Amino acid sequence: MSESKGMPRTAVVTGGNSGVGLAVAEALGKKGYTVWIAGRNAEKGANAVARLRPHCPAGVAFLQLDVMLFSSIEQFVRTLRPQLGGRLDALVHSMGIVSTKRKVSADGLEENWATQFLGRYLLTEALTPELSTSEDGRVVFVSANAPKKPQLFEDDPSLEKNFSTMRAIAQNQSACVLYQQMYADEHPSGPAINSAVAGLVRNTGITRAQSGLTRAIFGVMFRLFGITPAQSATNIVALASDPALKDISGSFFSKPQDLEKRQKLAYDETHVASLRRLLGRYAGVRNTLLSV
């Protein structure tokens, strides 16, 4: 791995136009990173760039990305890759949603599955060459709590036969932690990959796809018990940039603002093998992204 001397470090933050992602992008910008933020809404992206610009002296830009569509992911990578100049130092996956109704994209992807796991997987795989060029490449998943026992619905990942919000959350989080374990094992010299729990965060859009009643209930919980996006971002920013954490990979950080609360991901290999088979469905998309 090599890094150009004097060049600013670089970061991509999905979901960086609001909430926790915006707080992460701002913090990395203040650290001197050149930052790209990604999201679906171009107007929100432009507003976020205007807000971030004073805090990002090395530069900040927005790129549109809809992880529900393979064509959008491909266009994102195609547009971003030349701008990176062959190197990416940090990839932070903050884009997220929790939908209480099953919605499917034109590619047949269930919304929660596409947003909470599959898009993260495909972007990580696509940008691994650039992350590997960095002397200290980092991947960070903004996360919910890790399941004690993984649940994958290998024959029906989009939950066509039996959808529920809890099944979707369980599968997506299981897939995320299994993939991180797999990725860390496959890249022992880096890029590093870790996940950090976001916590109960005020003023985010993660409940935007929920019903009015559910959204109202969560709104009360967030106001009473929630932390700010900046507080939630503390561990995420550290995992993306702190030199002291350079050799940490394949770990789960369960408590925002407390880097000592961590566990090494070590799920049974049979679950990892199940994820590998499931990911085989998307091998063609992965290979296309690597070639653009």
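Please read all numbers here as calculations on a predicted model, not as lab measurements.

Caption draft 1: The arrangement of the packing of helix 3 (residues 70–84) against helix 4 (residues 111–133) in detail. At a closest axis distance of 11 Å, the pairing of helix 3 and helix 4 adopts a crossing angle of 25°. Of the possible angle classes, the one that applies to helix 3 and helix 4 is roughly parallel. The two elements helix 3 and helix 4 meet at a crossing, and its hand is right-handed. On helix 4, the residues that touch Phe70, Ile73, Phe76, Val77, Leu80, Arg81 and Leu84 of helix 3 are Leu118, Gly119, Leu122, Leu123, Ala126, Leu127 and Glu130.

Caption draft 2: The arrangement of the nonpolar core in detail. Within the largest apolar cluster, 50 residues are counted, with the highest numbers of intra-cluster contacts made by Phe76, Phe117, Leu118 and Tyr179. By residue number, the principal contributor to this core is helix 4, which donates ten residues. Residues within four places of tyrosine 179 in sequence aside, it is in contact with Phe117, Tyr121, Thr124, Glu125, Phe141, Ile193 and Leu275.

Caption draft 3: The arrangement of the pattern of salt bridges in detail. Tallying each qualifying case throughout the model produces nine salt bridges. Two residues, aspartate 89 and arginine 9, come together in a salt bridge whose shortest N-O distance is 3.5 Å. With aspartate 89 in the loop between helix 3 and strand 4 (90–93) and arginine 9 in the segment before strand 1 (10–14), this residue pair connects regions lying 80 residues apart in the sequence. Judged by its relative accessible area of 21%, arginine 9 falls in the partly exposed class. Owing to a relative accessible area of 0%, aspartate 89 belongs among the buried residues under this scheme. The network of salt bridges with shared partners includes Arg9, Arg87 and Asp89.

Caption draft 4: Geometry of the environment of serine 195. By the secondary structure assignment, serine 195 is in strand 6 (residues 192–197). Relative accessible area serves as the criterion here: at 0%, serine 195 is assigned to the buried category. For the pair serine 195 and histidine 93, spaced 102 residues apart in sequence, the C-alpha to C-alpha distance is 9.3 Å.

Criteria and thresholds
- Residues numbered from 1 in each chain as written.
- Predicted model: local features only at pLDDT ≥ 70, side-chain atom pairs only at ≥ 80, totals over all residues.
- Heavy atoms only, no water.
- Axes fitted to C-alpha atoms, helices over the stretch in contact; angles between N-to-C directions.
- Helix = DSSP H or I, 4+ residues; strand = E, 2+ residues; numbered from the N terminus.
- Parallel < 35°, antiparallel > 145°, perpendicular 65-115°, else oblique.
- Left-handed = near helix turned anticlockwise from the far one by under 90°.
- Contact = heavy atoms within 4.5 Å.
- Core = buried A, V, L, I, M, F, W, Y, C linked by side-chain atoms within 4.5 Å.
- Buried < 20%, exposed > 50% of the residue type's maximum accessible area, 1.4 Å probe, protein only.
- Salt bridge = Lys/Arg side-chain N within 4 Å of Asp/Glu carboxyl O.

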